Each structure stands twice: as structure tokens, then as C-alpha cells.
Number of protein chains: 2
Amino acid sequence: MEKTQSAKLIFDGNIFKVTQDTAQINGKCYSRDIVHHHGGVGILVIQKNKILLVKQFRYAIQETTFEIPAGKLEKDEDPYTCGLRELEEESGYTSPKLKPLCTMYSTPGFCNEQIHLYWTNQIEKVENPLPMDEDENIEIQWISLENALSMIELGKIKDAKTIIALQYAALHPTTLLK
Amino acid sequence: MEKTQSAKLIFDGNIFKVTQDTAQINGKCYSRDIVHHHGGVGILVIQKNKILLVKQFRYAIQETTFEIPAGKLEKDEDPYTCGLRELEEESGYTSPKLKPLCTMYSTPGFCNEQIHLYWTNQIEKVENPLPMDEDENIEIQWISLENALSMIELGKIKDAKTIIALQYAALHPTTLLK
């Protein structure tokens, strides 16, 4: 157990905050730099053995990625509500039922971001969907589970939440791929 | 494609840096706050159908976690070398052969951390292993793959790299679990 002795706010941005903390472990003090994030939601959508992926340029890594639809939680927002909103914004679809897949920490060594993953095989087109964020440029693609798993092996899919969701689909074929 | 117009260093810590960038997209400018990290390595160790997990308190999330042995790369360090060092420091084992599992981005929306995952079923005890970092307090545990997969379902394992490694083992039983 590490007790917080002090926490200094270093940066307070739109997506995350940074604090520089002093933690006490067995009577000694150590520095802990922490990224604080409200967390996020990702949705695995499956239809006829195909997975809905969004293709987008990610500035932080300077690469174009394939990811499941996802987005960040507003402060205190319900993950389920956030999941439906992000699905609609990014893909134009909604779902009558998202089912929990798992909850994951992206990188718990220095960041508290927690991502709630859901899956669904029931979707409906929304007539006038919520618009994407102005600075998002997203293209949707339907890719077979088999191809998506190959894309992990080839290093073409590297996003952690997306790998987790695709592996989960491969491990639960009778539930998800009917 | 988003072109960097400017990048301002906000924070330069031991584990990560933060920059506040201005990116140009189709002629318009947007702010991008980015966490820069040298990346890391994680190692899935399997022996007699059991997985080596490290139990430790993670200050960032204020929880005790079960994770595969892992650690961060020094600047420009070779991931394979880092993997062997971290394995030895955290578990007291070394391996004659780590095999690549996959490479993942923890959270590419705002952070460039890339984690290189390896697996091995060949390990050897090191007589006088490298010591743990002074501020690490790690306990090793051997858990069957079956139990580890249940721990994901129960929310007792939530670390992204660990979930990916365990699901990979479940998807490749003939290769890994012999």
C-alpha cells in the first residue's frame, strides 16, 4: 500500500490531467507522476461474422489505426450511455442491447484510464445520427473476424482494447458469432 | 493526416513527458495534448499449464493488480534485452528464448506508449538475480490458465497487456501449453 503524502497538479487538459505525487511506502517517500483520465468505452459490433472497425489517423502515434468504436467518458457519465453515443457518432448505428465484455486498465503503471468494453450483435441504422466530433475523421469498415485476427498477427491492429475485443470474439464463437 | 504546427513541452518526468501540440487538419487547427512514453515490454511465462503473474499495488489506480512481468524501455533500448531484464528483476527467472507475441498500443488516443509482448515456456532460475527497483513491492504467483481466464471474467485481472497475453495463450493452446 502506498499512501499519498502530497499531490501537485501539473497539467489540467481537456483529455487528461497530470499530478506529481509523493507516496509513502514503508516509511520512505517516492515520487509518482500520474495521468488522470475519466476512462472510456469501446464496443465490439458483430454482424454476419464481420466486425465493425473504425479507421482513423491517431495523432499521438502518427499512424492510421483500426479500432473498435470507442470514446471517452464525460465526468461521472454512465458507461452504457457513453457506449451508445460513441457507437452512433462513429458508425451511425445504435443497439437495443450492449452486453458487458470486460473492463480493462490501459496502462496502470502511470495512468488510471479504465475502459469498459461491450459487445453486441444487434444493431440498427440511425436515420439522422449524432455527428462526429469536428476534429475526427473516421471511416468505418466491416472486416471478418478471421481477417481481423490476422491483422493482429501482422501488426496492422495494435490498439489494446481492439485486440482484447477480437480475441474475446474468437474465444466465444458460439455466443457472439451466431 | 494531421500535421504538427507547434509542440510545447508541458511536463518532463521520469516515466513520461507531456506536450501540448497544435495540429492542422484540412486547413484548420486543433489542440492535441499528448503523453510521450518510451514504451515497454511484457512477458507471458508458461510452465506446466501455469502462468507466472506478479501481484503488486499500483499507485495510479490505487489497486493491487495481477500482471504478467513487465517494465519500461529505457530510451532506444532493445525490447528483447529489456524483456529479459524485467523478467529477472521481477521473478528471478531468465529464459534462453523469448518469442514475439504481439505489439500493442495501450491507449493511442492520447499516448504513444507501445508495449512489446513476448512469451516463453523455457525458463531457468537465476542464482543471484538483479534486484527489484527499490520502490517496487512484487510477489510472484503461478496461476493456471483456466483460473487466470476466470479472473478476467470476474474483473480481478484488468490490466490490458495481461488480458491480451492470457487470451493469446487460450487461443494457441497447442503451441504454448505443451
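Residues numbered from 1 in each chain as written. Chains lettered and ligands numbered in written order. Predicted model: local features only at pLDDT ≥ 70, side-chain atom pairs only at ≥ 80, totals over all residues. Heavy atoms only, no water.

J.: Is there a simple way to think about the sheet that holds strand 3 (residues 28-36) of chain A in this case?
T.: Across a sheet, strands are paired by hydrogen bonds formed along the backbone, either parallel or antiparallel in direction. Residues and elements named next belong to chain A. Sheet architecture is open: 3 strands sit in the order 1-2-3, paired in antiparallel fashion. In the strand order of this sheet, the two ends are held by strand 1 (3-12) and strand 3, each with one partner. Averaged over all pairs of adjacent strands, the angle between their axes in this sheet comes to 20°, without regard to strand direction. For strand 1 and strand 2 (residues 17-25), the ladder comprises 8 bridges, and the chain directions are antiparallel. Counted as the bridge partner of Thr4 is Ala23 from strand 2. (Pairing = 2+ DSSP bridges. Helix = DSSP H or I, 4+ residues; strand = E, 2+ residues; numbered from the N terminus. Axes fitted to C-alpha atoms, helices over the stretch in contact; angles between N-to-C directions.)

J.: Whenever I open this one, helix 1 (residues 79-91) of chain A confuses me. Can you help?
T.: For the α-helix, the turn length of 3.6 residues means that residues three or four positions removed from each other point alike. Residues and elements named next belong to chain A. Across its 13 residues, helix 1 extends 18 Å between first and last C-alpha, which sits within 8% of the 18 Å expected from 1.5 Å per residue. Of all 13 residues making up helix 1, 10 are buried, and the element is well covered by its neighbours. By the burial criterion, the buried members of helix 1 are Pro79, Cys82, Gly83, Arg85, Glu86, Leu87, Glu88, Glu89, Glu90 and Ser91. Positive phi appears at Gly92, one or two residues downstream of helix 1, with a value of about 80°. (Expected span 1.5 Å × (residues − 1). Buried < 20%, exposed > 50% of the residue type's maximum accessible area, 1.4 Å probe, protein only.)

J.: Which parts of the structure should I look at to understand the pattern of salt bridges?
T.: Pairing is possible between side chains that carry opposite charge, provided their charged atoms lie close to one another. Residues and elements named next belong to chain B. For the coordinates displayed, the defined rule picks out 16 salt bridges over all chains. With a closest N to O distance of 2.3 Å, Arg85 and Glu77 form a salt bridge. Judged by relative accessible area, Glu77 falls into the buried class, the value being 17%. With a shortest N-O distance of 2.8 Å, Lys161 and Asp159 are connected by a salt bridge. Each of the two residues, Lys161 as well as Asp159, counts as buried. (Salt bridge = Lys/Arg side-chain N within 4 Å of Asp/Glu carboxyl O.)

J.: Would you mind going over the interface of chain B and chain A with me for this structure?
T.: How big an interface is tends to be stated in terms of the accessible area lost upon association of its parts. Taken together, the contact between chain B and chain A spans 56 residues of the former and 56 residues of the latter. At the boundary of chain B with chain A, total buried surface from both sides reaches about 5,200 Å², with 63% on carbon and sulfur atoms. In this assembly, chain B and chain A are joined by 0 salt bridges. Linking chain B with chain A are 17 residue pairs in polar contact (both at pLDDT 80 or more), by the criterion used here. Elements represented by at least two residues in the side of chain B that touches chain A include exactly strand 1 (3-12), strand 2 (17-25), strand 3 (28-36), strand 5 (50-58), strand 6 (63-67), strand 9 (99-105), helix 2 (145-153) and helix 3 (160-171) of chain B. In terms of residue count, helix 3 of chain B provides more of the side of chain B that touches chain A than any other element does, 7 residues in total. Along the lines of polarity and charge, the residues of the side of chain B that touches chain A split into 28 nonpolar, 14 polar and 14 charged. (Contact = heavy atoms within 4.5 Å. Buried area = accessible area lost by both parts, 1.4 Å probe. Polar contact = N/O pair within 3.5 Å; in protein donor to acceptor, adjacent residues only side chain to side chain. Nonpolar A, V, L, I, M, F, W, Y, C, P; charged D, E, K, R; others polar.)

J.: Can you walk me through helix 2 of chain B in this structure?
T.: All names here are of chain B. Listed as buried for helix 2 are Leu145, Ala148, Met151 and Ile152. Angularly, the buried residues of helix 2 cover 115° about the axis, an arc narrow enough to put them on a single face. When the buried face of helix 2 is taken as reference, the exposed residues oriented beyond 90 degrees from it are Glu146 and Glu153. Phi turns positive one or two residues past the end of helix 2, at Gly155, with a value near 75°. (Arc of directions from axis to C-beta.)

J.: Would you explain the sheet that holds strand 2 of chain B in this entry?
T.: All names here are of chain B. Pairing is antiparallel in the open sheet, where 3 strands are placed in the order 1-2-3. Across the chains shown, the open sheet's two edge strands, defined by having one partner strand only, are strand 1 and strand 3. With strand direction ignored, the average angle separating the axes of adjacent strands in the sheet is 20°. Bridge count between strand 2 and strand 3: 9 bridges; the pairing is antiparallel. Opposite Val18, over in strand 3, you have Val35 as the bridge partner.

J.: What should I look at first to understand the relation of the copies chain B and chain A in this one?
T.: Each of the two chain copies can be brought onto the other by rotation about an axis and movement along it. By a simple turn and slide, chain B fits onto chain A: the slide is 0.0 Å along the axis, the RMSD is 0.0 Å, and the turn is 180°. Such a combination of turn and shift is consistent with a two-fold rotation axis. Looking at the interface residues of chain B, 100% of them are also at the interface in chain A, so both copies use one shared face. (Least-squares fit on C-alpha atoms with pLDDT ≥ 70 in both.)

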